[in-house]
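Next come the chains, spelled out residue by residue.
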Amino acid sequence: MDVLMQARMKNLLLTCAMLVTPVSFSDTWKELEAVLVENQSHSMLVMHRGELVYSYGDVTSPLLIHSIRKAVLNGLYGLYVKKGLINLDLTLAQLEIEDLYGLSETEKSATIRQLMQSRSGVYHPATAETQQMLSSKPARYSHGPGDHYYYNNWSFNALGAIFTQLTGKGVLEATFTELAEHTGMQDVDLPIGHVRDEEDIDDLSKLNGFYQLESDKSRFPAYHMRLSTRDLAAYGQWMLDNLKGESIDLPADWVVLSSTAYSVTNRKYNLGYGLLWYVSGARQPGNFNSFYHTGLGVHLLGIYPNNDLVIVHRVNTEEPGFSRDYLVPRLVQLVHKAI
């Protein structure tokens, strides 16, 4: 971790211990806090120009990040692309990737890049597919690689296995050691476990991460992780610093490449999907796309380069009764208004 990042994370650690309200507590910040209380939010952090300007709740306790795991994997891939160990244009055939029910030659022509874009065209059964994913899943072999966007857990899980194949490191292990060191994460000291099929681990809440395998569906496990609010903020700030050239851990064009929209996911709101990140807005000269990822619709890691802003919002989704009603867009709107 470079000197700038060390200083920034030290400041984040000290400030989180003291700051429970913004330095300037305007009416907009008060409105934001009322929304957080009303919706039983667990915690929230806002970083502006590299400094912490808002902290709410318990920012040090790790919570499940759900689908934000994909955005975290993006950072790991970036580190190893820079080291020359990962080539995004390798195909599944070249990697000798196979799965339980076989992959066609066309499916095996999909590249790592297309898996990261969620445009692989591989619709093989996958571990940890939600009912919503299944209801929108295209028929097997209905699209070729690169032809169609579908938010695809098979691709995401296979990317985890490919990362291990090419680097010799597990996704969770690399996140809690190497990525934590680069970004300044501080709350990643819990153990890692494995869940196979329906068997239970005595207490999953004691695990910082776990690999989930549904052995009747796929050879590739899903990799679930818990991160604290301040650790997600540290990761988001690291991505932003790399984009601005203040950190050089990632390839020079990695964040721009990752935040380019290769698919349109919502025309009304001008949203798309990049490399393991959702993308907001069309890039114009001198501007950068905002990019973000959500988990269960309530967790948010949002990076807004044109405003030099990182927003993290958390809900304890392992407690029943949490709200999901348009919470994240409202919070983002209020933060931008306050800033």
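Look a little higher up for the structure.
Cut-off values and rules
Residues numbered from 1 in each chain as written. Predicted model: local features only at pLDDT ≥ 70, side-chain atom pairs only at ≥ 80, totals over all residues. Heavy atoms only, no water. Helix = DSSP H or I, 4+ residues; strand = E, 2+ residues; numbered from the N terminus. Buried < 20%, exposed > 50% of the residue type's maximum accessible area, 1.4 Å probe, protein only. Contact = heavy atoms within 4.5 Å. Areas by Shrake-Rupley, 256 points an atom, 1.4 Å probe, with all protein chains shown as cover. Salt bridge = Lys/Arg side-chain N within 4 Å of Asp/Glu carboxyl O. Phe/Tyr/Trp six-rings, centres within 6.5 Å; stacked < 30°, edge-to-face > 60°. Lys NZ or Arg CZ within 6 Å of the ring centre and 35° of its normal.

I would appreciate a short explanation of the overall build of the protein chain in the present structure.
Helix and strand content of the protein chain: ten helices and twelve strands. Within the protein chain, the fraction of its 339 residues that count as buried is 56%. Considering only intrachain contacts with a sequence separation of at least 6, the fraction spanning at least 24 residues in the protein chain is 63%. When the accessible surface of the protein chain is summed, it comes to about 14,500 Å², and 51% of that surface belongs to carbon and sulfur atoms.

Explain the pattern of salt bridges to me, please; I cannot follow it from the model alone.
Close approach of charged atoms allows side chains of opposite charge to pair. This model, assessed by the stated rule, comprises twelve salt bridges. Across the pair R330 and E31 runs a salt bridge, and its minimum N-O distance is 2.2 Å. Taken together, the residues span a long stretch of sequence, with R330 in helix α10 (residues 327-338) and E31 in helix α2 (residues 27-38) at a distance of 299 residues. Of the charged contacts in the structure, one is a salt bridge between E178 and K169, with a shortest N-O distance of 3.1 Å. With relative accessibility at 35%, the residue K169 sits in the partly exposed group. Several salt bridges share partner residues, and in doing so they unite K83, K169 and E178 into one network.

Please explain the packing of aromatic side chains as it appears in this structure.
What describes a pair of aromatic rings is the distance from one ring centre to the other and the angle between the planes of the rings. Per the counting criterion, the structure on display carries 14 aromatic pairs. Ring geometry for Y80 versus F163: centroids 5.4 Å apart, planes at 85°, classification edge-to-face. Of the two residues, Y80 sits in helix α3 (residues 68-82) while F163 sits in helix α6 (residues 153-167), which places them 83 residues apart along the sequence. Here Y151 and Y278 contribute two aromatic rings whose centre-to-centre distance is 6.0 Å and whose plane-to-plane angle is 15°, an arrangement assigned as stacked. Linking Y151 in the loop between α5 (131-136) and α6 with Y278 in strand β9 (residues 278-280), this pair joins segments that are 127 residues apart in sequence. Residue Y151 is classed as buried on the basis of its relative accessible area of 14%. Among the aromatic residues, those joined into a cluster by ring pairs are Y149, Y151, F156, Y273, Y278 and Y292. The cationic tip of R69 hangs over the ring face of Y223; the distance from NZ or CZ to the ring centre is 4.4 Å. The aromatic ring of Y80 is capped on one face by K83, whose charged end is 4.2 Å from the ring centroid.

Fair warning: the whole summary comes from geometry, so function is off the table for now.
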